[in-house]
Amino acid sequence: MKGRLLIVDDEPEIRDMLYRHFRLLGYEVSTAGNGLEALAVLREKRMDAVISDIQMPEMDGVSLLREIRRQYPMIRVIMITGHVTLENALACMRNQADTCVFKPLTDMGELEDAVHTAMAALARWNRKFRELKGLKPGEAGELP
Amino acid sequence: MRILIADDDIISRSVLTLLLQKTGHTVVSAMDGHEAWQVLQRSDAPRLAILDWMMPGMDGLQVVQRVRRRTTDQPPYLIMLTTKGDGESLVRALDAGADDYLSKPYNPEELRARIAVGERLVRMQETLATHAREMEALAQARTRQLLHADRMATLGALAAGIAHEINNPAFFIAGNAQTLQRSWDLLVQHLEATPLPKTDPQMAFVLEEAPRMLAGIFKGVDRISRIVKGLKGYAHRGSGEKSACHMQEILSDVMEFCQNVLKPQIRVCIQLPDTLPPVLANRQQIEQVLINLIRNAMDAMADCEGGSLKISGHTEGPLVCIAVADQGPGLPPEVLARIFAPFFTTKKAGEGTGLGLAISRSIMEEHGGDLFACNAPAGGAVFTLRLPAFHAAHALTPIKGDTP
């Protein structure tokens, strides 16, 4: 298992497609139809990364991103949008999304790379945590 | 000029007529106020009238009042002629709307001079009216342009909306196809280990055709992706902002637009070097200028059996030049002198507004470039537009260049 991934998109066809695609690539994938549903999934299940659309009913992607940053600072968030505007890209950057990928038509490579990079960064942290497990509290990060 | 004389006295009418004819005027005479009023209402009414005050029926003062009540863009110049020499009568006549006042007996020289004043004013009024008509036509043409721009903006918004709507379904078609492609590759790998019986013709078909089906889907998605890109490009075209544009791209769009004006017997030859630098321009406006030049070139070659339209590009210092050359009859000197003047056209009435080249030149000047015409030594007309190259415009280099 390469990692746990949550796909958030209001269009079921896109959700299903991404669900299949990343499962095939070896991820454990969950899905949600909007920001609120996504938060409900996150309360139940630990996730490593979220791929979220921006324009969605109930709760849009930028609000979800903000909420994830507040509640789950460790989760990596990759935004995708079909509506390419500077405002969208800036909103993603200000709220510290990993990246903003424009819904690609001919190549999924950029999205795959983004997920791969996010998972690799998490893996590095987890390695660090494992190394620190043997240390007592207060000694963390300090050389003996 | 034509002058109306209204006087009930036959002798003074004849004297006046003779005097006017001697100074080269044409006389229309009326025997009383009613007749004068009839004449003045006609569309070809004289533009200057000398009215006797005292006439039976309708007097001169009443005629003046009636004329002034009527609104027309070219009112006649009215001179009141009377024996009443007092100041009070003069004021009454002028207040009623007379332009001038002459008391009998008059000095023929004074009459001539006063008519000359009237004639001058009438001419001025005509010039003004012509200008007003021209301005009105210009305003109408501009309004049409604005309406067109507005329609283009609406189309642009529509194109952006369509692009967005197409994008989502295209995304999941493309995504699914890519996942399917990888699944298929996995399946084929497994089959290599445990092959299906080769004898099953249907399986053989699937194994052979499935990759082609996938390729077909990818091809379709690729085309949709290009259409979406085009629509997005179109949506951004309408905005009045200038950006770096490649003349090659602009011209290829222009040639698409011009398909309906190109004639099969005319060969189109485009020579834009790849090294041509990008220009700083409002793409839509430059397209408009080029379309206009190509249309004019086609019109110039309307009577030609063959010939070619040549569009070439080169640089002159910081300027990018595009020349549109036809093999028509060329431009006579009197046409060449006025060709960019608003309302100047060599086309039949109703066919050309005489504004195309005027607007084109103003667009080019607004871009910090220019547009000029000349005749090629080998015959035919050449229109050349020049635009600052993008890097030059960006560095705010002043544009220098000699207009031939």
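Residues numbered from 1 in each chain as written. Chains lettered and ligands numbered in written order. Predicted model: local features only at pLDDT ≥ 70, side-chain atom pairs only at ≥ 80, totals over all residues. Heavy atoms only, no water.

1. Comments concerning the overall build of chain B
Within chain B, the regular secondary structure consists of eleven helices and twelve strands. The proportion of buried residues among the 404 residues of chain B is 39%. Of all intrachain contacts in chain B linking residues separated by at least 6 positions in sequence, the fraction that spans at least 24 positions is 68%. As displayed, chain B offers around 22600 Å² of accessible surface, 57% of which is attributable to carbon and sulfur atoms. (Helix = DSSP H or I, 4+ residues; strand = E, 2+ residues; numbered from the N terminus. Buried < 20%, exposed > 50% of the residue type's maximum accessible area, 1.4 Å probe, protein only. Contact = heavy atoms within 4.5 Å. Areas by Shrake-Rupley, 256 points an atom, 1.4 Å probe, with all protein chains shown as cover.)

2. Side note on the overall build of chain A
In terms of regular secondary structure, chain A is built from five helices and five strands. In chain A, the succession of helices and strands from N to C terminus is β-α-β-α-β-α-β-α-β-α. In chain A, 62% of the contacts between residues at least 6 apart in sequence involve partners at least 24 apart. Summing over all exposed atoms, chain A offers an accessible surface of approximately 8000 Å²; the carbon and sulfur share of this is 52%.

3. Things to note about the sheet that holds strand β1 (residues 2–6) of chain B
Residue and element names in this part refer to chain B. The parallel open sheet is built from five strands, whose spatial order is β2-β1-β3-β4-β5. Edge strands, defined here as strands with exactly one partner in the open sheet, are β2 (26–30) and β5 (100–103). Taken pair by pair, the neighbouring strands of this sheet meet at an average axis angle of 20°, ignoring direction. Taken strand by strand, helix α3 (residues 60–69) contacts β3 (48–52) and β4 (77–82), and its axis lies near 165° from that of β4. (Pairing = 2+ DSSP bridges. Axes fitted to C-alpha atoms, helices over the stretch in contact; angles between N-to-C directions.)

4. So, the pairing of strand β4 (residues 76–81) of chain A
All names here are of chain A. Counting buried positions along β4 yields five of six residues, so the element is predominantly enclosed. Pairing geometry for strand β3 (residues 49–53) and β4, over five bridges, is parallel. Across the sheet, D53 pairs through a bridge with I80, a residue of β4. Across four bridges, the pairing between β4 and strand β5 (residues 99–102) is parallel. Counted as the bridge partner of T81 is F102 from β5.

5. A short note on the interface of chain B and chain A
Contact residues are listed per partner, giving 18 residues for chain B and 21 residues for chain A. Interface area for chain B against chain A, summed over the two sides, is near 1800 Å², with a carbon-plus-sulfur share of 62%. Linking chain B with chain A are one salt bridge, by the criterion used here. Between E112 of chain A and R182 of chain B there is a salt bridge, with the nearest N and O atoms lying 2.6 Å from each other. Our count for the contact surface shared by chain B and chain A stands at five residue pairs in polar contact (both at pLDDT 80 or more). Of all elements in the fold, only α5 (108–193) and α6 (201–237) of chain B reach the threshold of two or more residues within the side of chain B that touches chain A. For the side of chain B that touches chain A, the element with the highest residue contribution is α5 of chain B, accounting for 14 residues. (Buried area = accessible area lost by both parts, 1.4 Å probe. Salt bridge = Lys/Arg side-chain N within 4 Å of Asp/Glu carboxyl O. Polar contact = N/O pair within 3.5 Å; in protein donor to acceptor, adjacent residues only side chain to side chain.)

6. Brief notes about the environment of L214 of chain B
Residue and element names in this part refer to chain B. Positionally, L214 belongs in helix α6. Along the primary structure L214 and A177 are separated by 37 residues, whereas in three dimensions their C-alpha atoms are 6.7 Å apart. Among all residues touching L214, those that are not within four sequence positions of it are A177, L180, Q181 and W184.

7. A few points about the side chain of N95 of chain A
The topology assignment puts N95 of chain A in the loop between α4 (86–94) and β5. Once residues lying within four places of it in the same chain are set aside, the contact partners of N95 of chain A are V62, L65, R66 and R69 of chain A.

8. What about the packing of helix α1 (residues 12–24) of chain A against helix α5 (residues 109–132) of chain A?
All names here are of chain A. One can describe the packing of α1 onto α5 by two numbers: an axis separation of 12 Å at closest approach and a directional angle of 60°. The pairing of α1 with α5 is recorded here as oblique in orientation. In this structure, the crossing between α1 and α5 has a hand that is right-handed. The residues of α5 that touch α1, namely those facing L18, H21 and F22, are L111, E112 and V115. Split into classes, the residues belonging to the contact of α1 with α5 amount to four nonpolar, one polar and one charged. (Parallel < 35°, antiparallel > 145°, perpendicular 65-115°, else oblique. Left-handed = near helix turned anticlockwise from the far one by under 90°. Nonpolar A, V, L, I, M, F, W, Y, C, P; charged D, E, K, R; others polar.)

9. Remarks on the sheet that holds strand β1 (residues 4–8) of chain A
Either a parallel or an antiparallel arrangement is found when strands of a sheet pair, and the pairing is made through backbone hydrogen bonds. Residue and element names in this part refer to chain A. Across the sheet, five strands lie side by side as β2-β1-β3-β4-β5; this open sheet has parallel pairing. Two strands close off the open sheet at either side, each with one partner strand: β2 (28–32) and β5. Recorded for the sheet is a direction-independent mean angle of 20° between the axes of neighbouring strands. This element, α1, spans β1, β2, β3 and β4 of the sheet and lies at about 170° to β2.

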